[in-house]
Amino acid sequence: MRCLAPRPAGSYLQEPQGSGQCTTMELGPLEGGYLELLNSNADPLQLYHLYDQMDLAGEEEIDLCLEPDTDTINCEQFSRLLCDIESDEETKEAYANIAELDQYVFQDSQFEGLSKDIFIEHIGLEEMISESGEMLEEAAQKSQKRPFPEELPADLKHRKLAPPSSSLLSCLGLPAGSIHIIPTLPALPQGLWQISGAGTEVSSILIYQGEMPQAPPSSSPAIPSLPKSPDRPGSTSPFAPAAADLPSMPEPALTSRENITEDEMSPTKCRAARKVSSKLPKYPESVEQFRRSLRDKYQAKPAGLEDILVEVDLMRARLERSSSKSLERELVILDWAEQQPARGGLAGVLLAASDCRRPRETQVIAVLGKAGQGKSHWARAVSRAWACGQLPQYDFVFYLPCHCVDRPGDTYHLQDLLFSLGPQPLPGDSEVFGHILRRPDRLLLILDAFEELEAQDGLLPSTCGPMSAAEPSSLRGLLAGLLQRKLLRGCTLLVTARSRGRLAQGLSKADTLFQMAGFSAQQAETYVERYFEHLGATHRQERAVALLRGQPLLLSHSHSPTVCRAVCQLSEALLELGEEVELPSTLTGLYVGLLGPAVRDSPPGALETMARLAWELGRRHHSTLREDQLPEKVRAWAVAKGLVQPCPGAAETELAFPSFLLQCFLAALWLALSSEIKDKELPQYLALTPRKKRPYDNWLEGMPRFLAGLVFQPRARCLGALAGPVVASVVDRKQKALTKYLKRLQPGLLQARRLLELLHCTHEALDAGLWRHVVQGLPTNLSFLGTRLTPPDTHILGRTLETADRDFSLDLRRTGIDPSGLRSLVGLSCVTQFRAALSDTVGLWESLQQHGEAKLLQAVEEKFTIEPFKANSVKDVEDLGNLVQIQRTRSSSEDIAGELPAIRDLKKLEFALGPVAGPQAFPKLVRILEAFSSLQHLDLDSLSENKIGDEGVAQLSATFPRLKALETLNLSQNNITDVGACKLAKALPSLAASLLRLSLYNNCICDVGAKSLAHVLPDMASLRVLDVQYNKFTAAGAQQLAASLRKCPDVETLALWTPTIPFGVLEHLQQLDSRISLG
């Protein structure tokens, strides 16, 4: 009997000329050939093949027989070959990889829940020949079924590739002779059997006894002589899996192409073909009907104020570790000049992302932003864009608000998650779901308001095995499977979430991050105009805009679209009065003005009920509620007045607060009115000072400002307008407790973020005594380094500095401050000095110059400082170069004497870019060093080692004649050898009058370099400290330095210890001169 076997390296025998029979292949020893084959780039599924292989290195094909479509080998040789492979220890790891690949490709758990008929249809059991015998049919049916996970071996890495056993051959019951193995044919002629089995590790083979008959003519494409692996189009190998056996793979990539030339299959042609196919896909009728119902749902335009659209920019974001010892990651606060908007909105982002995505990889896109900045509006706009045909790369788009799916007690299937919140599936729902499972790469799933999930960290990636689409789980478990890329692998996930503090680790693994930019002042005014245009009251547009401009604080808060809408609603009510009116000056007054008219006709206790519910939901990190949580009259009133509204995308019985800020205001109202909240507990809700024991989770981040406003503002126009005759004693006690707490605070000791929150709370209180206490406690030097400054923060900070009647110095680096805010702060007369990002400051100068504001430009130039300057990136060096270029351009084009104060006053410059960027950016720094004539401290040492090398030292030495004020030069850990030391020693006399400290610690200086330094040492009249520790010179170099030290009475310390010198020699030198340090 003869069967097919893999060919060991070096076992190919050339057929004798003129031979008309197949030559039996004699097997030689393994000699590592199998391991080389398995470790090569060849597809592992081609290990067992049907044809003569063409050598992948380009050698000529060698025929073993005259029949190109068959190959034979003695079965005894085949068994011996398999035994040799098993006994070879070096190949076990490689075979373990094949076992894992087999499970990955053939046992994908996503399809375990589907009907077995689907697999039978694709595997080809229906094509089994009934004449092959009852026993063979039974064995074939048993072997064709894919084993379930519980039937698989426990240790997949040591699963063996079993040879054809005697039991298998006896089961077939074939007489002795030749067995021919041929590729699977579209129709099996009589006498052919198709077998497969887990024991053979082969998906399907065909066996024919006796002489090989000619295949009947067929319309299918001819079988080529070179076998193709499943990742190639049109695979004809019998071991290649069918399309259904490779879930989550695009079907066109697995089906054969008829009548397609090689040129048409080029990468460019294929890409064009994919684009065309994505535009004109063909779907089953049930799938197409479901798509139409889904489109109809999303095409409905939003009613009311949701139809007012002012597009804001999406800014690309990136993450960084919160500390070197922490795995938590936080958003990087980018300078304004660094921020890159994403063109085309979210729809454009998705179109661009689909072009660069990897096959079979789930792509997670996260959109972050503060509450009320329009994330949910953007997410719903994406679903409408798909419904209008703007995202043809997706067959389905599902919009899922997370507050609707956070149901810990329920158990669902993946099918329920997709269909329960959308249109009900049609009778062919299993076919629709099957289409989604087969093509997850054409699915977009939108998870809106991700922060609504109670424990986001419960969705972290884990080490558990694959999840099944048919396996029931909680909705949170299904979301975890999606985020961990175990379910619907290859789909696109769009997640929107609130950005506060560290990110949940599930979001930190996102492929792409974006941030919502919010409204600019001009966009806020545009929204006001469109609001009144939508109402049909265009004659009031100008007055409404004038009202907003009259309150700069509310204008800055209109950075949030939610606040901007609230301003429009109150402006509408005020303008209907027809009198001279104005907007309130605080956020608390804004919401009191909105809720005051609604409370007048409310049921008794309705407002208190809503306030308590808002507080309780906020403590559980929820903003939605069930209808049965409210009494019927209260619910009817709250819905009619807009305090709650039906939750979009959820069941009819669920309600939600229309905005997060309204929920914060109602929660603060409950804290102010409730007697259940103890007075001593009230200060913790301001969240101004950290607590080690039981810290308060400030999820309702807008509540502290409202609480201060409600407690301290005059009751007649605040609490009195909402609650009527309140219990005066309760409010008085709360006010007294908060006053005592706030006056004990020392503003100068608070962190920057908490200081800003204190300023906001104090402004909302409108209490002169509190305001005076906070302003007087401000430190002179205010640093907001690494703290994001929003437009409201910028406004309240500027107002505080103006009323302080003192001079201040500001550090505004890494705050993301916008140009208008930077201009307003640095233009204040009380700000005498400031630091900001170089790129943002240069942009401000250019803007002032273009607008002809020469006086303000001169003042800003005088105030700006970069002392001390530390370059941590190539951008820092480039920005510093741009600053120097501005000075050179100004000096050459204008009759202005002197230098820019920022350049003139720079005394300390650090360079810490590391071994990769350091050598690349250092030449750029050298070219501008001579501009800093007052530079005293040049530090080129870095913990990660800059490694500027000998070439960098040579470039630096050329600038010494211009650095007349340089006192400290640190060249430690820069990979300097004797060559660099000699060049440095030659140039050091230029610094003889100023240099006090020179450090060459931890370099590669040997005796030649030490001799050069010893030779120049007596010429360095001002030098006091020389550090040459941890170099490579020997006792000879140390003795030369020690001898030269005797000629330098002004030198105070020579740090000389190095491991290449015997300690006894160093100790002797130290006894001769006590200025030699060995520590």
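Everything numeric in this text was worked out from a predicted model, so none of it was measured.

*Asks:* Summarise the overall build of the protein; cite the residues concerned and give the values.
*Replies:* The helix and strand tally for the protein stands at 40 helices and 26 strands. Within the protein, the proportion of its 1079 residues that are buried is 49%. Of the contacts made within the protein by residues no fewer than 6 positions apart, 77% connect residues no fewer than 24 positions apart. Counting only carbon and sulfur atoms, one obtains 50% of the accessible surface of the protein, whose full area is about 51,000 Å².

*Asks:* If you had to explain the nonpolar core to someone new, which residues and values would you point to?
*Replies:* By size, the foremost hydrophobic cluster in this structure holds 257 residues, and its most contacted members are Phe398, Leu710, Leu969 and Leu1056. Among the elements that take part in this core, helix H23 (residues 660–673) stands out by supplying 12 residues, more than any other. When near neighbours in sequence (up to four residues on either side) are disregarded, phenylalanine 398 contacts Phe290, Leu294, Tyr298, Leu418, Phe419, Ile436, Leu443, Leu444, Leu445 and Ile446.

*Asks:* I'd like a description of the sheet that holds strand S22 (residues 968–970), backed by residues and values.
*Replies:* Pairing in this open sheet of eight strands is parallel, and the strands run S19-S20-S21-S22-S23-S24-S25-S26 from one edge to the other. The strands lining the two open edges of the sheet, one partner per strand, are strand S19 (869–871) and strand S26 (1076–1077). The sheet contact formed by S19 and strand S20 (residues 908–911) spans three bridges and is parallel. Bridging from a neighbouring strand, alanine 871 pairs with phenylalanine 911 of S20.

*Asks:* So what about the packing of helix H8 (residues 285–299) against helix H13 (residues 429–438)? Which residues, and what values?
*Replies:* Across the interface, H8 lies against H13 with an axial gap of 8 Å and an inter-helix angle of 85 degrees. The orientation of H8 with respect to H13, classified from their angle, is roughly perpendicular. Of H13, the residues touching H8 (which contributes Ser286, Val287 and Phe290) are Glu431, Val432 and His435. Taken together, the residues of the contact of H8 with H13 sort by class into three nonpolar, two polar and one charged.

*Asks:* Please provide a residue-by-residue account of the side chain of serine 809, values included.
*Replies:* Its location among the elements puts serine 809 in strand S17 (residues 808–811). Among all residues touching serine 809, those that are not within four sequence positions of it are Thr780, Asn781, Leu782 and Gln833.

*Asks:* Explain the pattern of salt bridges residue by residue, including any values.
*Replies:* Evaluated as defined, the whole model comprises 27 salt bridges. Note that glutamate 288 is salt-bridged to arginine 292, the shortest N-O span being 4.0 Å. Of the two residues, glutamate 288 and arginine 292 are both situated in helix H8; the distance of four residues between them amounts to about one turn of the helix. By relative accessible area, which is 24% here, glutamate 288 ends up partly exposed. For arginine 292, a relative accessible area of 38% puts it in the partly exposed group. Residues lysine 875 and aspartate 879 are paired through a salt bridge, measuring 2.6 Å at the closest nitrogen-oxygen approach.

*Asks:* Please set out unusual backbone geometry residue by residue, giving values where relevant.
*Replies:* The linkage connecting glutamate 867 with the following residue, proline 868, adopts the cis geometry, with an omega of -10 degrees. Topologically, proline 868 is positioned in the loop between helix H32 (854–863) and S19. Unusually for a residue other than glycine, histidine 621 sits at a positive phi of about 60 degrees. Non-glycine residue asparagine 975 carries a positive phi angle of around 60 degrees. Inspection of the secondary structure puts asparagine 975 in the loop between S22 and helix H37 (978–987).

*Asks:* Let's hear about the environment of threonine 689: which residues, and what values?
*Replies:* Structurally, threonine 689 can be placed in the loop between H23 and helix H24 (703–712). Judged by relative accessible area, which is 30%, threonine 689 ranks as partly exposed. Distance in space between the C-alpha atoms of threonine 689 and leucine 745 is 8.7 Å, their sequence separation being 56 residues. Apart from residues no more than four positions distant in its own chain, threonine 689 is found in contact with Tyr741, Leu745, Leu750 and Arg754.

*Asks:* Hey, could you go over the pairing of S20 for me, with residue numbers and the actual values?
*Replies:* Side-chain alternation along S20 places Leu909 and Phe911 on a buried face and Lys908 and Glu910 on a face that remains uncovered. Judged from the three bridges that link them, S20 and strand S21 (residues 937–939) form a sheet pairing that is parallel. Paired with lysine 908 across the bridge in S21 is histidine 937. At this point the chain moves from S20, through helix H35 (residues 914–929), to the parallel S21, and the crossover so formed is right-handed.

*Asks:* Talk me through helix H28 (residues 768–776); I want residue IDs and the actual numbers.
*Replies:* When we look at burial in H28, the residues that qualify are Leu770, Trp771, Val774 and Val775. The buried residues of H28 occupy an angular sector of 125 degrees when projected down its axis, which confines them to one face. Projecting away from the buried face of H28 at angles above 90 degrees are the exposed residues Ala768 and Gln776. Where H28 is buried, its residues contact H24, helix H26 (728–744), helix H27 (752–765) and helix H29 (791–804). The N-cap of H28, judged by a side-chain oxygen 3.1 Å from the amide nitrogen of glycine 769 a few residues on, is aspartate 767.

*Asks:* Any details on the packing of aromatic side chains? Residues and values, ideally.
*Replies:* Tallied over the full model, the rule gives 16 aromatic pairs. Here phenylalanine 396 and phenylalanine 398 contribute two aromatic rings whose centre-to-centre distance is 6.1 Å and whose plane-to-plane angle is 15 degrees, an arrangement assigned as stacked. Across the pair, exposure class does not vary: phenylalanine 396 and phenylalanine 398 are buried alike. Following the ring pairs from residue to residue traces out a cluster consisting of Phe290, Phe396 and Phe398. Taking the ring centre of tryptophan 699 as reference, the NZ or CZ of arginine 498 above it sits at 4.7 Å. Sitting over the ring of tryptophan 771, arginine 799 keeps its end group 4.9 Å from the ring centre.

*Asks:* Just give me the short version of the sheet that holds strand S13 (residues 624–626), but keep the residues and values in it.
*Replies:* Spatially, three strands are ordered S13-S15-S14 in an open sheet, and the strand pairing comes out antiparallel. The strands lining the two open edges of the sheet, one partner per strand, are S13 and strand S14 (645–646). Note: S14 against strand S15 (residues 654–656), two bridges, orientation antiparallel. The partner of glutamine 645 across the bridge, within S15, is alanine 656.

*Asks:* Which residues make up H26, and what values go with them?
*Replies:* The end-to-end C-alpha separation of H26 is 25 Å, in line with the 24 Å expected for 17 residues at 1.5 Å each. Val730, Val731, Lys734, Ala737, Leu738, Tyr741 and Leu742 are the residues of H26 that are buried. Each buried residue of H26 sits inside an arc of 125 degrees when the element is viewed along its axis, so together they form one side. Away from its buried face by more than 90 degrees, H26 exposes Lys736, Lys740 and Arg744. Buried residues belonging to H26 abut H23, H24, helix H25 (719–723), H27 and H28.

*Asks:* Go over the packing of helix H36 (residues 949–957) against H37 with me, naming the residues and quoting the values.
*Replies:* H37 packs onto H36 with a crossing angle of 10 degrees between their chain directions and a minimal axis gap of 8 Å. The pairing of H36 with H37 is recorded here as roughly parallel in orientation. Across from Asp950, Val953, Ala954 and Ser957 in H36, the residues of H37 making contact are Val979, Gly980, Lys983, Leu984 and Ala987. Considering only residue class, the contact of H36 with H37 consists of five nonpolar, two polar and two charged.

The rules behind the values
- Residues numbered from 1 in each chain as written.
- Predicted model: local features only at pLDDT ≥ 70, side-chain atom pairs only at ≥ 80, totals over all residues.
- Heavy atoms only, no water.
- Helix = DSSP H or I, 4+ residues; strand = E, 2+ residues; numbered from the N terminus.
- Buried < 20%, exposed > 50% of the residue type's maximum accessible area, 1.4 Å probe, protein only.
- Contact = heavy atoms within 4.5 Å.
- Areas by Shrake-Rupley, 256 points an atom, 1.4 Å probe, with all protein chains shown as cover.
- Core = buried A, V, L, I, M, F, W, Y, C linked by side-chain atoms within 4.5 Å.
- Pairing = 2+ DSSP bridges.
- Axes fitted to C-alpha atoms, helices over the stretch in contact; angles between N-to-C directions.
- Parallel < 35°, antiparallel > 145°, perpendicular 65-115°, else oblique.
- Nonpolar A, V, L, I, M, F, W, Y, C, P; charged D, E, K, R; others polar.
- Salt bridge = Lys/Arg side-chain N within 4 Å of Asp/Glu carboxyl O.
- Right-handed = clockwise from strand over helix to strand, strands pointing away.
- Arc of directions from axis to C-beta.
- Polar contact = N/O pair within 3.5 Å; in protein donor to acceptor, adjacent residues only side chain to side chain.
- Phe/Tyr/Trp six-rings, centres within 6.5 Å; stacked < 30°, edge-to-face > 60°.
- Lys NZ or Arg CZ within 6 Å of the ring centre and 35° of its normal.
- Expected span 1.5 Å × (residues − 1).

None of this, on its own, says anything about what the molecule does.
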